[in-house]
Amino acid sequence: MAEEQESSSLTGEIETLRRPLRYYQEYDQLTGTFNKAAFCKKGSELLSASYDGLFDVVCIDIERFKLVNDIYGMKRGDSLLCHVARA
């Protein structure tokens, strides 16, 4: 009985440790949005589960973004990326 409780406790602890690892595996740490691999995986899942076949995908390219970092610094550039991700 004690071994079962200890095993159950360890299983819970392992799951608690795995949760943040899964988050970091799927999400960009700066913006909180899906990273490319997770976006492709989730997109494929949605496309194969869809019955009506209608989807909208928005792609944003910030022209000459490197200039933002060069002129205003990486902190301001990161702030801009986070703002765009929330929009």
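As shown above, the structure is provided for reference.
Remember, it's a predicted structure, so these values are computed and weren't measured experimentally. (Residues numbered from 1 in each chain as written. Predicted model: local features only at pLDDT ≥ 70, side-chain atom pairs only at ≥ 80, totals over all residues. Heavy atoms only, no water.)

### A closer look at helix 2 (residues 36-49)
Quick reminder: α-helices carry 3.6 residues per turn. Residues three or four places apart thus point the same way.
Moving on, step 1. Over its 14 residues, helix 2 runs 20 Å from end to end, which matches the ideal 20 Å to within 8%, given 1.5 Å per residue.
Moving on, step 2. Between the side-chain oxygen of the N-cap and the backbone nitrogen of A37 there are 3.3 Å, and the N-cap of helix 2 in question is N35. (Helix = DSSP H or I, 4+ residues; strand = E, 2+ residues; numbered from the N terminus. Expected span 1.5 Å × (residues − 1). Polar contact = N/O pair within 3.5 Å; in protein donor to acceptor, adjacent residues only side chain to side chain.)

### Some points on the packing of aromatic side chains
Aromatic rings considered in pairs are described by the distance between their centres and by the relative angle of their planes.
Moving on, step 1. Following the criterion strictly, the structure yields three aromatic pairs and no others.
Moving on, step 2. When the ring of Y23 is compared with that of Y24, the centres are 5.7 Å apart and the planes differ by 80°; the resulting orientation is edge-to-face.
Moving on, step 3. With a relative accessible area of 37%, Y23 lands in the partly exposed category.
Moving on, step 4. With 5.0 Å between their ring centres and 25° between their planes, Y27 and F34 make a pair best called stacked.
Moving on, step 5. F34 gets classed as partly exposed once you look at its relative accessible area, which sits at 34%. (Phe/Tyr/Trp six-rings, centres within 6.5 Å; stacked < 30°, edge-to-face > 60°. Buried < 20%, exposed > 50% of the residue type's maximum accessible area, 1.4 Å probe, protein only.)

### Here's the deal with the pattern of salt bridges
Moving on, step 1. All chains considered together, the criterion is met by two salt bridges.
Moving on, step 2. When the shortest N-O distance is used, the salt bridge between R22 and E15 registers 2.9 Å.
Moving on, step 3. Its relative accessible area of 38% is what places R22 among the partly exposed residues.
Moving on, step 4. Assessed through its relative accessible area of 29%, E15 is described here as partly exposed.
Moving on, step 5. A salt bridge links K66 to D70; the nearest nitrogen and oxygen atoms lie 2.8 Å apart. Highlighted residues: K66 and D70, both in helix 3 (residues 65-72), separated by four residues, approximately one helical turn. (Salt bridge = Lys/Arg side-chain N within 4 Å of Asp/Glu carboxyl O.)

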